[in-house]
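Single-letter residue listing:
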Amino acid sequence: MTENLKPGDYVPGKGYYHLCAFPKCADPPFFGRKNQRYHPDCKKRIDAERLADKRKKTKDENKIMEQNLGILEDFYPSSLGTVEIPSKELGLKGFDFNASARRIKTEKYGYVCYVVHGLAFRYIQKHDTIIIYKKDELHRI
Ligand SMILES: [Zn+2]
């Protein structure tokens, strides 16, 4: 007898009437606590899916970061902490400038650098180039 019920209606002995908010729910109508949004099983499935999404995102981010690191390693010998390399060249190799990297400011000149594991790079906007450093070289800039 749920035909005349609206979500939020209270039925003594059953609880509050809801429609399960889980998009894949097979049978959305249920009775539960006042603020309950899902069947307990649907809630579990939602939590599991969210966790899987989060893991996948982290995995994807790590993959991009690893690829970026590989490219920085390849280009480091051409830069050696001094020579500017056109950003375009790294871009062509698949370098992702939007990938997450630790942003730091150097002590000496206050340059903004991005650290990727043992390497770091500084973007020089004026020339659209980057300089690649070893992390332990950053103290001199
Ligand atoms: Zn459900």
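Residues numbered from 1 in each chain as written. Predicted model: local features only at pLDDT ≥ 70, side-chain atom pairs only at ≥ 80, totals over all residues.

Moving on, we come to the pairing of strand β6 (residues 112–116). In the sheet, strand β5 (residues 102–105) pairs with β6 via 4 bridges, with the strands oriented antiparallel. From the neighbouring strand, Ile104 faces β6, where its bridge partner is Cys113. Here 3 bridges tie β6 to strand β7 (residues 119–124), and the two strands are oriented antiparallel to one another. The residue of β7 that forms the bridge with Val116 is Leu119. What sits between β6 and β7 in their antiparallel hairpin is a turn of 2 residues, with His117 showing a positive phi close to 50 degrees. (Pairing = 2+ DSSP bridges. Helix = DSSP H or I, 4+ residues; strand = E, 2+ residues; numbered from the N terminus.)

A word on the sheet that holds strand β1 (residues 10–11). Pairing in this open sheet of 3 strands is antiparallel, and the strands run β1-β2-β3 from one edge to the other. A single partner strand is all that each edge strand has here, and the edge strands are β1 and β3 (29–32). For β1 and strand β2 (residues 15–19), the ladder comprises 2 bridges, and the chain directions are antiparallel. Bridge pairing in β2 places Val11 opposite Gly15.

With respect to the secondary-structure elements, Ala26 resides in the loop between β2 and β3. Overall, Ala26 belongs to the exposed group, with 8 C-beta atoms counted inside 10 Å. With 16 residues separating them in the primary sequence, Ala26 and Cys42 have C-alpha atoms 9.5 Å apart. (Buried ≥ 20, exposed ≤ 12 C-beta atoms within 10 Å, placed from the backbone.)

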